[in-house]
Amino acid sequence: DTLSKRRRNLMLEKAGIRGPKPVPILGNLLQLLDNNKSSIFNVMDNFTSKYGSIVRLWMANHCILIVRDVKVFEDVFKSSRLITKNSHYGLLEVWLGDGLLMSSGSKWFSRRKIITPTFHFKILEEFVEIFDQQSTVLIKRLMEKADGKTVVRMFPYVCLMALDIITETAMGVKVHAQENPEFPYSKALTETSSIMSDRLIKPFDRFDGYYRIFHNRKYHHLQECIKIMHNFTDQIIAERREALQKSLKKKMLQPVGSADEMGIKKRMALLDVLLQSTVDGKPLSDMDIREEVDTFMFGGHDTTTSSISFTLHLLSRHPEIQEKVLEEIYSVIGEDKEKPVTMKDLHELKYLECVIKESLRLYPSVPMIGRFIEEDIVLNGITIPANTNITLLMYAAMKDPENFPKPEEFLPERFMCTDDANKINPFAYVPFSAGPRNCIGQKFAMAEMKSTISKILRHFELLPLGEEVKPFVKLVLGSETDAQLGLKPRT
Ligand code: HEM
């Protein structure tokens, strides 16, 4: 280990990669200890402005490179070898097992292949109705606050809606989280996300042994929450498997999702697609499916909550942009507030898409991602030694003035550019990551966000009330001040 440490140090030094001076044994852990949720961006930015676009950190024996160099991003994203996640993700393992987000090597490859059709356009199209129904429930809840004066904090409202959407689309069940936030599964999920977020940014808390001793109560609560979630997912899988088998027997080999005797088509949940998938002719086991369903639940609700909330806040501060989105909505959907939207309508909301993209640039739900380098590799001409973690600071790259002039400004028009010469570098704009390990739920997310944001704008004018957002890192991007705004019903 000492040899490997010396080798890594020598190679990085030779490549001119620098970083803060490590102390024996702990490395730079102490410099990272006073990390709190909102200061982590400052800590990272201070490192990169002092040491350059690639910075070396030591956490005990773990070497971590933090990177904001877009050329390195490009080499990482294009590589089919660099698909192993780094140690930070280990925290999620008790919950997500070895599902798509966490797995690597041939397991990841074969899973990705069978899960890709799960997000097929035809399946997503069926979900538009769910997006619409759940945002109708949200509108009802918001109406109580919509007096044009009350400051509304959007995150908790949006979160429960996103939870309802992902539970119904992933598992095919309604948990009514918006009406009943105390439902054990929904509560366990939000509490797990919150505990995991706290642990992620505290280097010592990440170690299970340490956390168990110093945060014993929380440790056991976390185990309890995970048990509740696993039991719930297991139960749903068992029910859906049985329903599938019955339907195959009864309806002459018609899978779930096909039309019943009355000709009424049953909607497929993502889980049903997995139940019908095979690897080398064999179906996935209940455990395999649970990992993937839990991964969808994790990947698919906090991320969209964050992006929808930040976008609504931004729109409340930019009335002229809000007006432009509304005009587009009227021209595509019409002025009837209750009319359900179709996938085709959502596709046509091009300006709204630019608004969401720009919001994700300024406030990326996933601000950084990590990889583990298993063997020496050349990235942007620099040989990076094996056994190194890299963290890509996507939030920083997306504010680089070279690729995004006036980087701090909210300018959705920058995404309207159609001429090739001025098009945005695809490796500089990466809120959904890029390459083989990009976000598999990207189209799902975009449809959900367009549907719910347009629904809210059809019903309310968003007013610039309350405090400004103060981004911080949870598992995904949150805001210390929540996402505040005022609401005025449109007549
Ligand atoms: C605004 C919304 C979203 C954003 C910004 C986002 C972003 C990302 C990013 C950056 C990654 C790469 C993570 C990494 O390399 O560590 C990722 C992966 C993933 N996302 Fe999303 N995501 C969003 C919504 C969703 C939704 C709605 C789902 C599911 C319904 C989903 C499911 C996944 C899965 C399963 C992966 C792992 C893919 C793999 O490793 O092959 N995401 N997402």
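Residues numbered from 1 in each chain as written. Predicted model: local features only at pLDDT ≥ 70, side-chain atom pairs only at ≥ 80, totals over all residues.

**Quick notes on unusual backbone geometry**
Phase 1: If you check the backbone angles, I25 has positive phi at about 65 degrees while not being a glycine.
Phase 2: Mapped onto the secondary structure, I25 falls in the loop between α1 (2-14) and α2 (29-33).
Phase 3: Phi angles above zero are rare outside glycine, and D482 is one such case at about 65 degrees.
Phase 4: Looking at the secondary structure, you find D482 in the loop between β12 (477-479) and β13 (484-489). (Helix = DSSP H or I, 4+ residues; strand = E, 2+ residues; numbered from the N terminus.)

**Examining the packing of helix α15 (residues 319-333) against helix α19 (residues 442-459)**
Angle between the axes and distance between the axes: these two values describe a pair of packed helices.
Phase 1: It is the contact of α15 with α19, at a shortest axis distance of 10 Å, that shows an interaxial angle of 100 degrees. In this view, α15 runs roughly perpendicular relative to α19, as classed from their interaxial angle. Two secondary-structure elements touch here, α15 through V325, L326 and I329 and α19 through S454, L457 and R458. (Axes fitted to C-alpha atoms, helices over the stretch in contact; angles between N-to-C directions. Parallel < 35°, antiparallel > 145°, perpendicular 65-115°, else oblique. Contact = placed C-beta atoms within 7 Å.)

**What to know about the UniProt feature "binding site: heme" (unreviewed entry) in the chain**
Phase 1: UniProt marks C439 with the feature "binding site: heme" (unreviewed entry), using the numbering shown here.
Phase 2: Within the element layout of this structure, C439 appears in the loop between α18 (394-397) and α19.
Phase 3: Looking at C439, the number of C-beta atoms within 10 Å reads 20, which means it is buried.
Phase 4: Apart from the residues within four sequence positions on either side, C439 is in contact with F432 and S433. (UniProt positions renumbered as here; feature names shortened; annotations may be inferred. Buried ≥ 20, exposed ≤ 12 C-beta atoms within 10 Å, placed from the backbone.)

**With respect to the pairing of strand β2 (residues 62-67)**
Phase 1: Of all 6 residues in β2, 5 are buried; the element is thus mostly enclosed.
Phase 2: The sheet contact formed by strand β1 (residues 54-59) and β2 spans 6 bridges and is antiparallel. Counterpart to L57 in the pairing with β2 is I64.
Phase 3: With antiparallel pairing between neighbouring strands as the criterion, β1 and β2 make up a hairpin whose turn holds 2 residues, including A60 at a positive phi of roughly 50 degrees.
Phase 4: Bridging between β2 and strand β9 (residues 388-393) involves 5 bridges; their strand directions are parallel. Across the sheet, I66 pairs through a bridge with T391, a residue of β9. (Pairing = 2+ DSSP bridges.)

**Observations regarding the sheet that holds strand β6 (residues 368-373)**
Phase 1: Spatially, the 4 strands line up as an open sheet ordered β1-β2-β9-β6, and their pairing is mixed. One side of each edge strand has no neighbouring strand; the edge strands of this open sheet are β1 and β6. Across the sheet, the axes of successive neighbouring strands diverge by a mean angle of 25 degrees, strand direction being ignored.

**Brief notes about the site of the ligand**
Phase 1: Of all residues adjacent to the ligand, which total 23 residues, the nearest are G299, G300, T303, C439 and G441.
Phase 2: Within the residue set of the shell around the ligand, elements represented by two or more residues are α13 (286-299), α14 (302-317) and α19.
Phase 3: Taken together, the residues that form the shell around the ligand break down as 11 nonpolar, 9 polar and 3 charged. (Near = placed C-beta within 6 Å. Nonpolar A, V, L, I, M, F, W, Y, C, P; charged D, E, K, R; others polar.)

**With respect to the packing of helix α11 (residues 216-250) against α13**
Phase 1: It is the contact of α11 with α13, at a shortest axis distance of 10 Å, that shows an interaxial angle of 120 degrees. The pairing of α11 with α13 is recorded here as oblique in orientation. In the packing of α11 onto α13, the handedness of the crossing is right-handed. Facing M229, H230, T233, D234 and I237 of α11, the residues of α13 in contact are D286, I289, R290, V293 and D294. (Left-handed = near helix turned anticlockwise from the far one by under 90°.)

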